[in-house]
Amino acid sequence: MQAHAILHPRPEGLYCPGGDFFIDPVRPVERALITHGHADHARAGHRAVMATRETLDIMALRYGADFAETTQEARLGETVSMGDVSATFHPAGHVLGSAQICVEQDGVRIVASGDYKRLADPTCRPFEPVACDVFITEATFGLPVFRHPETATEIARLLHSVRQFPERAHLVGAYSLGKAQRVIRALRDNGYDAPIYIHGALAKLCDYYQQQGIDLGRLEQATVDRSEKQRFAGAIVVCPPSAFADRWARRFPDPVACFASGWMRIRQRAKQRGVELPLIISDHSDWDELTDTITETGAREVWVTHGREEALVRWCGLNGIAARPLHLVGYEDEAE
């Protein structure tokens with residue numbers, strides 16, 4: 001059976017006719033299989049949603065309990081029959097609850113990876129390579145210039161700056177789902193045991209991570225008025241990147257603007273955002289991880305989505321692997 005007959009792009013997203021479902025649709029549909037809880041992949045309004053328990057919980061936290069008419073928990077490694085196809089969820093290593101979705105029909109196996117990373121991350125299950133005929137990979141950092149350092153190296157730079165400037169607050173911009181909790185846990189793993197202050201927008205998700213057994217240590221709300229300004233001297237405050245533009249950020253003592261993102265590899269991006277301390281911490285695979293993963297899957301064909309598609313397609317061709325871009329729209333990488 002031809003792979004494109006099993007999965008193919010439609011305006012709503014990646015569609016499987018044999019199972020009559022979409023994977024991470026960008027518009028409301030009858031039946032959606034969701035890889036993870038980031039807003040560009042997990043949207044409210046579908047009639048039926050299937051995802052891991054953590055992703056369903058995260059969607060409920062973000063959109064309310066009625067984000068879909070019905071929900072179904074996908075257990076990792078458990079195969080479910082859906083019409084003429086079978087679907088199995090496997091860990092993706094991106095954020096808590098993230099999964100790849102393996103779709104199989106008539107002996108042809110396609111793995112839709114969603115977003116994924118290969119670096120160790122104690123806040124989520126590690127990526128699990130799945131042998132397949134067709135591998136659908138993201139390409140957010142699909143250029144050879146992107147090679148991510150170890151997380152501990154970047155956290156050490158942050159802690160060095162905190163010691164160097166004890167009179168200043170360090171504001172760390174980090175996406176509210178996954179990145180913020182990973183940065184906090186990495187600080188703990190590197191011996192930082194002082195309270196970490198968080199923006200109110202992170203509270204629900206940080207609480208949820210703690211409830212799932214991921215120890216983030218002592219967290220306090222970053223609520224400050226003028227009379228308390230000096231209380232945050234030497235403190236680490238984690239917030240959404242958008243908070244940098246708010247009046248809230250200017251209440252802290254001479255704040256050091258930090259941003260945890262794979263995009264901080266590009267100096268001009270850091271400069272444009274006014275970032276004083278760029279931290280190269282990404283929840284997406286870098287170039288070497290993308291190419292190594294493609295090789296590990298043994299896929300004879302690769303479909304590339306949302307990112308630097310052309311370079312990865314070219315690499316596949318040079319290595320004897322058929323590849324093409326999917327040109328899916330509606331998936332953003334700026335918040336990474």
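Our structure is the block above this text.
A quick note: this is a predicted structure, and the numbers were derived from the prediction, not measured.

Caption draft 1: Expanded view of empty space enclosed by the protein. Overall, the coordinates contain one cavity of 30 Å³ or more when judged by the stated rule. Here the largest cavity is characterised by a volume of approximately 120 Å³. D24, G114, T305, H306 and L328 are the residues nearest the centre of the largest cavity, which is lined by twelve residues in total. Partitioning the lining of the largest cavity into residue classes produces six nonpolar, five polar and one charged.

Caption draft 2: View of the sheet that holds strand β16 (residues 256-260). On the basis of which strands lie adjacent, the open sheet formed by six strands has the order β14-β13-β15-β12-β16-β17 and parallel pairing. Where the open sheet ends on each side, the last strands, each with one partner, are β14 (219-221) and β17 (277-279). Strand after strand, the sheet turns through a mean of 30° between neighbouring axes, direction not considered. For β16 and β17, the ladder comprises three bridges, and the chain directions are parallel. Residue A260 lies in a different strand from β17, and its bridge partner there is L279. Of the strands in this sheet, β12 (170-173), β15 (236-239), β16 and β17 touch helix α3 (residues 151-164), which is tilted by about 155° from β17. Packed on one face of the sheet, helix α4 (residues 179-189) meets β12, β13 (196-198), β14, β15 and β16 and runs near 170° to β13.

Caption draft 3: Highlighting the pattern of salt bridges. Taken as a whole and judged by the stated rule, the model has 18 salt bridges. Between R182 and D283 there is a salt bridge whose closest N-O contact spans 2.7 Å. In this pair, R182 sits in helix α4 while D283 sits in the loop between β17 and α7 (287-297), placing the two residues 101 residues apart along the sequence. In the salt-bridge network here, residues are joined through shared partners; they are R53, D57, E73 and R75.

Each value, and the rule that gives it
The written sequence of each chain sets the order in which its residues are numbered from 1. pLDDT decides what is reported in this predicted model: residues at 70 or higher carry local features, side-chain atom pairs at 80 or more are listed and counted, and totals for whole chains, interfaces and linings draw on all residues regardless. Hydrogens and water are ignored here; the side-chain numbers use all heavy atoms of the structure. Here a cavity is any set of points on a 1 Å grid over the protein atoms alone where a 1.4 Å probe fits but cannot get out, and a pocket is any open set with protein on both sides within 12 Å along at least 5 of 7 lines; a residue lines the site when it has an atom within 4 Å of a point. Grid points are joined across faces, edges and corners, and a volume is the space filled by probe spheres set on the points. Under the grouping applied here, Gly and all other residues not named as nonpolar or charged are polar, the nonpolar ones being Ala, Val, Leu, Ile, Met, Phe, Trp, Tyr, Cys and Pro and the charged ones Asp, Glu, Lys and Arg. When DSSP finds at least two bridges between two strands, those strands are taken to pair. In this text, helices come from DSSP runs of H or I with a minimum length of four residues, and strands from runs of E with a minimum of two, each type numbered from the N-terminal end. Every axis in this analysis is a line fitted to C-alpha atoms, fitted for helices over the stretch in contact. Angles between the N-to-C directions lie between 0 and 180 degrees. In what follows, residue pairs with any heavy atoms lying within 4.5 Å of each other are defined as contacts. By convention in these notes, a salt bridge is any Lys or Arg side-chain nitrogen within 4 Å of a carboxyl oxygen on Asp or Glu.

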